[in-house]
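Observations on chain architecture
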Amino acid sequence: MLAVLLALASAVSYGVSDFTAGLASRRFSIITVTFLASVCSLVLTLAVLPWVASATPSAAALGWGAASGLGGLCGAMALYLGFRHAAFSVAGPLSAVASAGFSVLAGLLFGEHPSALALAGIGLALPAIVAVSVGPGGAPGSGEHGHQAATGAAYGLAAGAGFAVLFIGLNRSGSGHDLWPPVIAQLIGLAALCVVGAVSRQLKPPPRQAGWLAVLAGVTGGAGTACYFVATHLGLLAITAVITSLYPGSTILLARVLLGERLTRIR
């Protein structure tokens, strides 16, 4: 039960993080927004680390942590690009379905055995890939709007693949009581982001509002990662990853309430 509650807390935290980072990335460089969010997330995790770490990380934990960091970074940047090209209600749900699907497959390959009811629930998420891509009038969008929605959907699927690597890597590394793997993941992701920023020369101080949004994204994202890391070591990967993948719920709710984004009935 604790694993479920922590996974739900992770979903809410990730959803808030995606919404605030998505808003910031619409107003400023995605690389800068991701950089600020990553720094804040790392600082938060380092502040908690001394209270929960009891041993140095193993080589396997370092490897899986590094892989999850790169996956999370690629997933976040792809998702923010999706938010820039289309509504939050397009890229967000697609990323969730993709991350959940890949994580479930990985859990099964690793020998997990979810119940029949859990597998049935997981299977019901797959039609959402089509449903959330349907534009107004019950048909896929066309013209310029349709092209933007298709681009946002593609970025959403790419983000889901990256998040799946994050979920799987954190599941396979360390234990639920030592936060070294998330720290390693964040350090590797931040280092890769610095290289990208240096090459692209897009690391510039953002406007105050975009900067605060990025900070909030980092704090909530760091909390989400910590909650998921503990949850996935208390329960099955196939279950905790799917529950955590409910994160678009809070993203879409915030977009509906604060931005007035309209949803089609099928969405």
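Attention in this report is confined to the structure presented alongside it. (Residues numbered from 1 in each chain as written. Predicted model: local features only at pLDDT ≥ 70, side-chain atom pairs only at ≥ 80, totals over all residues. Heavy atoms only, no water.)

1. Topic: the nonpolar core
Note that soluble globular proteins tend to have their nonpolar side chains buried in a common cluster. Of all hydrophobic cores here, the largest spans 42 residues; its most connected members are L79 and Y80. Going through the elements one at a time, α1 (2–27), α2 (30–52), α3 (59–85), α4 (88–109), α7 (143–172), α8 (180–200), α9 (208–234) and α10 (237–244) are the ones with two or more residues in this core. Ranked by residues supplied to this core, first place goes to α3 with seven residues. What L79 contacts, discounting residues up to four positions off in sequence, is D18, A91, G92, S95, Y155, A159 and F163. (Core = buried A, V, L, I, M, F, W, Y, C linked by side-chain atoms within 4.5 Å. Buried < 20%, exposed > 50% of the residue type's maximum accessible area, 1.4 Å probe, protein only. Helix = DSSP H or I, 4+ residues; strand = E, 2+ residues; numbered from the N terminus. Contact = heavy atoms within 4.5 Å.)

2. Considerations on the packing of α4 against α10
α10 packs onto α4 with a crossing angle of 170 degrees between their chain directions and a minimal axis gap of 8 Å. Classed by the angle they form, the pair α4 and α10 counts as roughly antiparallel. The segment α4 lies against α10, with A100, S103, V104, A106 and G107 engaging L237, A238, A241 and V242. (Axes fitted to C-alpha atoms, helices over the stretch in contact; angles between N-to-C directions. Parallel < 35°, antiparallel > 145°, perpendicular 65-115°, else oblique.)

3. Some thoughts on the packing of aromatic side chains
Applying the stated rule across the entire model yields three aromatic pairs. Seen from their ring centres, F163 and Y247 are 6.0 Å apart, and the 90 degrees between their planes marks the pair as edge-to-face. Of this pair, F163 sits in helix α7 while Y247 sits in the loop between α10 and α11 (248–259), and the two are 84 residues apart along the sequence. The pair F163 / Y247 is uniform in exposure class, with both members buried. Taken together, a centroid distance of 4.7 Å and an interplanar angle of 40 degrees make the contact between F167 and Y228 tilted. (Phe/Tyr/Trp six-rings, centres within 6.5 Å; stacked < 30°, edge-to-face > 60°.)

4. Structural notes on a nonpolar patch on the surface
Taken together, the side chains of M1, L2, V4, L5, L8, L234 and L246 make up a nonpolar region of the molecular surface, amounting to roughly 680 Å² of accessible area. Among the elements that take part in the nonpolar patch, α1 stands out by supplying four residues, more than any other. Inspection of the secondary structure puts L234 in helix α9. (Patch = residues over 30% accessible without salt bridge, like charges linked within 9 Å, V, L, I, M, F, W, Y side chains within 5 Å. Areas by Shrake-Rupley, 256 points an atom, 1.4 Å probe, with all protein chains shown as cover. Salt bridge = Lys/Arg side-chain N within 4 Å of Asp/Glu carboxyl O.)

5. What to know about α4
For α4, which comprises 22 residues, the first-to-last C-alpha distance of 32 Å matches the rise-based estimate of 32 Å (1.5 Å per residue) to within 8%. Taking burial as the measure, the 22 residues of α4 include 17 buried ones, the bulk of the element. Residue G111 follows α4 closely and has a positive phi angle near 100 degrees. (Expected span 1.5 Å × (residues − 1).)

Such coordinate-based values are descriptive only and should not be taken to indicate function.
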